[in-house]
Amino acid sequence: MSLKSMTGYARARRSSALGEVVATARSVNHRGLDLHIHVGEELEPYEPALRSVAKRHVKRGHLSLRVRFTPAHAAAGAALNRPLFEAYLKAVEEARRDYGVEGEPRLDTAMRIPGMLVQAAEDEEAPEGLEALVVETAEQALAALDEFRAREGAGLGRLLRELNAAIRRDVERIEGCRMPAMEHYRARLEQRLKELTGGMELDAQRMAQEAAILADKTDIAEEVGRLKVHTQELDAMLEAGGEAGKKLDFLMQEMSRETNTILSKTGGAGEFGLQVTSLALEIKANIERIREQALNLE
């Protein structure tokens, strides 16, 4: 399965002896699946079928699916909606009189108002085969939307892999600073104890105990190891594709937590601590970049 962006647009048009159907599908980011079907009154019986088709293609995001049907006999059977047309003329006159708006009523503008043309036989049953035509057109638009979203998702996937590779390199550099930082802590402990004891000879066993306690508090081996595992898991998620957006967001929370712990443990490790801090801050920045991009993934 491929990664898919939640943002896209597609349009499809199909014609038959019954008339013409035009379907447009537009999707944007959303935490869950927010599906909106827009059809005219004559297509309302087909809304459940359209909703079912849409759910097969889109799992997450705000999806707006619009379907419009123009019957083949529309020109012959259409009639002017006189009350609506008169209301339009009156509104133009009031705007001109009360607000000083310049302009004249335009027939082409009036004809684009929904409901301005009505069919002479609105209560007649829908022709046989119309549902299939409507659903097939919607399916075509949604398939095109899938292709658009897959292209966007492929681009996002490449970017996320690059950011993850940068995180992995910085984690390896931090790992290289781990032992020098530990030696710094150990030397600082010895110096501090000598200062407190006035230069007296220190008990070797006691010194070992204190060093062990300090190592337990300042060693970042576990955090580094978990960050390595998380970068591997991120690559696996991107390779697997599918609905990865929410999983990536959770993984970024875990990686950010490990990085924060590294920062808290190495604040006083001298020169090597400063190197770790710089690397960890860059890791946090890349984690946030990944999180922002993951918001665009299904």
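Throughout what follows, the structure given in this document is the object of discussion. (Residues numbered from 1 in each chain as written. Predicted model: local features only at pLDDT ≥ 70, side-chain atom pairs only at ≥ 80, totals over all residues. Heavy atoms only, no water.)

1. Here we look at the side chain of Ser 256
Here comes step 1: Relative to the assigned elements, Ser 256 resides in helix α8 (residues 245-265).
Here comes step 2: What makes Ser 256 buried here is its relative accessible area of 11%.
Here comes step 3: What Ser 256 contacts, discounting residues up to four positions off in sequence, is Lys 284, Ile 287 and Arg 291. (Helix = DSSP H or I, 4+ residues; strand = E, 2+ residues; numbered from the N terminus. Buried < 20%, exposed > 50% of the residue type's maximum accessible area, 1.4 Å probe, protein only. Contact = heavy atoms within 4.5 Å.)

2. Some points on the sheet that holds strand β1 (residues 8-16)
What links the strands of a sheet is backbone hydrogen bonding, and the strands pair in either a parallel or an antiparallel sense.
Here comes step 1: Pairing in this open sheet of 4 strands is mixed, and the strands run β1-β2-β4-β3 from one edge to the other. One side of each edge strand has no neighbouring strand; the edge strands of this open sheet are β1 and β3 (33-39). Between one strand axis and the next, the sheet turns through 10° on average, direction left out of account.
Here comes step 2: When β1 meets strand β2 (residues 19-28), the two strands line up antiparallel, connected through 9 bridges. (Pairing = 2+ DSSP bridges. Axes fitted to C-alpha atoms, helices over the stretch in contact; angles between N-to-C directions.)

3. With respect to a nonpolar patch on the surface
Here comes step 1: On the surface, Leu 80, Leu 107, Met 111 and Leu 117 cluster together into a nonpolar patch covering about 350 Å² of accessible area.
Here comes step 2: Along the polypeptide, Leu 107 turns up in helix α4 (residues 107-111).
Here comes step 3: Since its relative accessible area comes to 55%, Leu 107 is described here as exposed. (Patch = residues over 30% accessible without salt bridge, like charges linked within 9 Å, V, L, I, M, F, W, Y side chains within 5 Å. Areas by Shrake-Rupley, 256 points an atom, 1.4 Å probe, with all protein chains shown as cover. Salt bridge = Lys/Arg side-chain N within 4 Å of Asp/Glu carboxyl O.)

4. Notes on the nonpolar core
Here comes step 1: In terms of nonpolar packing, the biggest core is built from 29 residues, with Ile 167, Ile 174, Leu 234, Leu 248, Met 252, Met 255 and Ile 290 touching the most fellow members.
Here comes step 2: Going through the elements one at a time, α5 (130-197), α7 (221-240), α8 and α9 (270-294) are the ones with two or more residues in this core.
Here comes step 3: Ignoring anything within four residues of it in the chain, the contact list for Leu 248 reads Leu 160, Leu 234, Met 237, Leu 238, Ala 294 and Leu 297.
Here comes step 4: Counting 26 residues, the second-largest nonpolar core is a separate cluster that includes Tyr 46, Val 134, Val 135 and Leu 142. (Core = buried A, V, L, I, M, F, W, Y, C linked by side-chain atoms within 4.5 Å.)

5. Things to note about the pairing of strand β4 (residues 61-71)
Here comes step 1: In terms of strand pairing, β2 meets β4 through 10 bridges, oriented antiparallel. Each bridged residue has a counterpart across the sheet, and for Gly 19 the counterpart in β4 is Pro 71.
Here comes step 2: Note: β3 against β4, 7 bridges, orientation parallel. Each bridged residue has a counterpart across the sheet, and for Ile 37 the counterpart in β4 is Leu 65.
Here comes step 3: Tracing the backbone out of β3, into helix α1 (residues 47-57) and back to the parallel element β4 gives a crossover that is left-handed. (Right-handed = clockwise from strand over helix to strand, strands pointing away.)

6. Some details on the pattern of salt bridges
Here comes step 1: Per the stated rule, a full pass over the model turns up 21 salt bridges.
Here comes step 2: Where Asp 146 meets Lys 4, a salt bridge forms, and the shortest distance between an N and an O atom there is 3.4 Å. Pair noted here: Asp 146 is in helix α5 and Lys 4 is in the segment before β1, with a separation of 142 residues, a long-range link. Just as Asp 146 is buried, Lys 4 falls in that class too.
Here comes step 3: Across the salt bridge formed by Arg 149 and Glu 298, the nearest N and O atoms sit 2.4 Å from each other. Taken together, the residues span a long stretch of sequence, with Arg 149 in helix α5 and Glu 298 in the segment after α9 at a distance of 149 residues. Accessibility assignment for this pair places Arg 149 and Glu 298 in one class, buried.
Here comes step 4: Residues participating in the shared-partner salt-bridge network are Lys 4, Asp 146, Arg 149 and Glu 298.

7. Considering the environment of Ser 264
Here comes step 1: As for its position among the elements, Ser 264 is in helix α8.
Here comes step 2: What makes Ser 264 exposed here is its relative accessible area of 59%.
Here comes step 3: Taking the C-alpha atoms as reference points, Ser 264 and Thr 277, separated by 13 residues in sequence, lie 9.2 Å from one another.
Here comes step 4: From its side chain, Ser 264 meets the backbone oxygen of Thr 261 in a polar contact 2.7 Å long. (Polar contact = N/O pair within 3.5 Å; in protein donor to acceptor, adjacent residues only side chain to side chain.)

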